[in-house]
Amino acid sequence: MAKRDYYEVLGISKGASADEIKKAYRKKAKELHPDRNKDNPESEAQFKEAGEAYDILKDPEKKAAYDRFGHAAFEGGMGGGGPRPGGGFGGGAGQGDFASAFSDVFDDLFGDFMGGGRAGGGRQRAARGSDLRYNLRVTLEEAFNGSQKTINVPTSVQCDACNGSGAEGGAEPTTCPTCSGMGKVRAQQGFFTVERTCPTCSGLGQIIKNPCNTCHGQGRVEKERALNVNIPAGVETGTRIRLAGEGEAGMRGGPAGDLYIFIEVAKHDIFEREDTNLFCRVPVSMTTAALGGDIEVPTIDGGRSRVKIPAGSQSGRQMRLRNKGMPALRGGSSGDMFIELAVETPVNLTSRQKELLREFDSLSEDNNPESKSFFSSVKSFWDGMKG
Ligand SMILES: [Zn+2]
Ligand SMILES: [Zn+2]
């Protein structure tokens, strides 16, 4: 049975406001409520269809996804409710340590769909595995060059013993007697009939008489896998890399989820990053700053650049090295590197050095224009106060 367009189901146009959607749904729900349509066997399916349409369209995020992708937006995100497929991690023997590195991604986004929706279509599909998140820390050098990393992903994979069916000896699962395969049970609560995920089959609609000994009926087992990940040059903290189908195996033969690598670029001792630009604070001696000279600065590619310090440079002076920054992740030109001078006042002076500096000071005339202008402003400030 082809799924009808949600807007058509509710009898509204695509541009309908949230209010109109709500009103249209209320009207349909009243009209189609099974208790009022005892002699129309189709009304139940239509009632559910309207509920499903409303579930999606009332939520701005889901509505946007539906407007863009149609029903395909939610395919795969659905499946059995009940225990979250990702829940197996923490309990796995010896795998508790990994749990912190992992969590289900987009649970908030897709959680609502689990077990929902398909009621009209009869038996539900096997559950898709969870999407997983893996936090990967890379150095700034790796982010600059791009790199290949091998990561060990603790995840669940299809159980070989039962070929993922969850049943011992490969026997077919049977329809759940509690919910007759609907994955849902109904209960009267005041005026309302509420639907709940079936407690017997956890929403899968099927049960297994003789669960597989290896996977205890889950159809999947926990295992650590080594995966090669290509880190493209230019990644930043927050960059996500999606590895389709590398998430958790589905329940009982369902499709696998995706693995999302979340990049974190570690702080660097020398360089600070801002988008594609790099900043580097370079101390220079007082004499170099005064007399001018050449200094050598490191660049992120591991090389060095000569930089000319003009005579009379002050702390805070910035110089730009073009294209010596980070590459842009999506192509385009590289950033620049900025160095910022920090003039260092000499310490641990010998008596001879002190003598020379005092002599230098006695010969100073117009060497400190900034001090001169500052103190003349200060003087007029104080004079003004007396005024
Ligand atoms: Zn098994
Ligand atoms: Zn059931």
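Residues numbered from 1 in each chain as written. Chains lettered and ligands numbered in written order. Predicted model: local features only at pLDDT ≥ 70, side-chain atom pairs only at ≥ 80, totals over all residues. Heavy atoms only, no water.

- Labelled according to an unreviewed UniProt entry, the protein appears under the name Chaperone protein DnaJ, originating from Roseovarius pacificus.
- For the protein, the Sequence similarities (unreviewed entry) comment in UniProt is given as "Belongs to the DnaJ family." (UniProt positions renumbered as here; feature names shortened; annotations may be inferred.)

**Examining the sheet that holds strand β11 (residues 277-285)**
Phase 1 of the analysis: Taken together, the four strands give an open sheet; going across it, the order is β10-β11-β15-β14, and neighbouring strands pair in mixed fashion. Unpaired on one side and paired on the other, β10 (272-274) and β14 (318-321) mark the two borders of the sheet. With direction set aside, neighbouring strand axes in the sheet form an average angle of 30°.
Phase 2 of the analysis: Examined bridge by bridge, β11 and strand β15 (residues 337-344) share eight bridges and lie parallel to one another. Looking at the pairing, S285 lines up with E344 of β15. (Pairing = 2+ DSSP bridges. Helix = DSSP H or I, 4+ residues; strand = E, 2+ residues; numbered from the N terminus. Axes fitted to C-alpha atoms, helices over the stretch in contact; angles between N-to-C directions.)

**Regarding the packing of aromatic side chains**
Phase 1 of the analysis: Counted by the stated rule, this structure contains five aromatic pairs.
Phase 2 of the analysis: Summarising the aromatic geometry, the rings of F374 and F375 are spaced 5.0 Å apart at their centres and angled 80° between planes, so their arrangement reads as edge-to-face.
Phase 3 of the analysis: Owing to a relative accessible area of 49%, F374 belongs among the partly exposed residues under this scheme.
Phase 4 of the analysis: Cluster of aromatic residues (ring-pair linked, three or more members): Y6, Y7 and Y66.
Phase 5 of the analysis: One cation-aromatic arrangement involves R133 over F262; the distance from NZ or CZ to the ring centre is 3.7 Å. (Phe/Tyr/Trp six-rings, centres within 6.5 Å; stacked < 30°, edge-to-face > 60°. Buried < 20%, exposed > 50% of the residue type's maximum accessible area, 1.4 Å probe, protein only. Lys NZ or Arg CZ within 6 Å of the ring centre and 35° of its normal.)

**Side note on the coordination of the zinc ion (ligand 2)**
Phase 1 of the analysis: Donor atoms from the polypeptide that bind the zinc ion (ligand 2) are C176 (SG), C179 (SG), C198 (SG) and C201 (SG), placed at 2.2 to 2.3 Å.
Phase 2 of the analysis: Mapped onto the sequence, the residues coordinating the zinc ion (ligand 2) show the spacing C-x2-C-x18-C-x2-C. Highlighted residues: C179 in the loop between β3 (174-175) and β4 (184-189) and C198 in the loop between β5 (192-197) and β6 (206-207), separated in sequence by 19 residues.
Phase 3 of the analysis: Of the residues examined, C179 reaches a relative accessible area of 5% and is grouped as buried. (Donors = N, O, S within 2.8 Å, 3.2 Å for Na, K, Ca; no water.)

**Observations concerning the UniProt feature "binding site: Zn(2+) 1" (unreviewed entry) in the protein**
Phase 1 of the analysis: Summarizing the sequence annotation, UniProt attributes the feature "binding site: Zn(2+) 1" (unreviewed entry) to C159, C162, C212 and C215 in the numbering used throughout. These annotated residues cover 57 residues of sequence, but their C-alpha atoms sit close together, with the largest distance between any two at 9.0 Å.
Phase 2 of the analysis: When you line up the elements, C162 lands in the loop between β2 (147-158) and β3.
Phase 3 of the analysis: Note on C162: relative accessible area 3%, which makes it buried.
Phase 4 of the analysis: By the secondary structure assignment, C212 is in the loop between β6 and β7 (220-231).
Phase 5 of the analysis: By relative accessible area, C212 is classed as buried at 3%.
Phase 6 of the analysis: Beyond its immediate sequence surroundings of up to four residues, C212 is in contact with C159, A161, C162, G166, A167, E168 and G217. (Contact = heavy atoms within 4.5 Å.)

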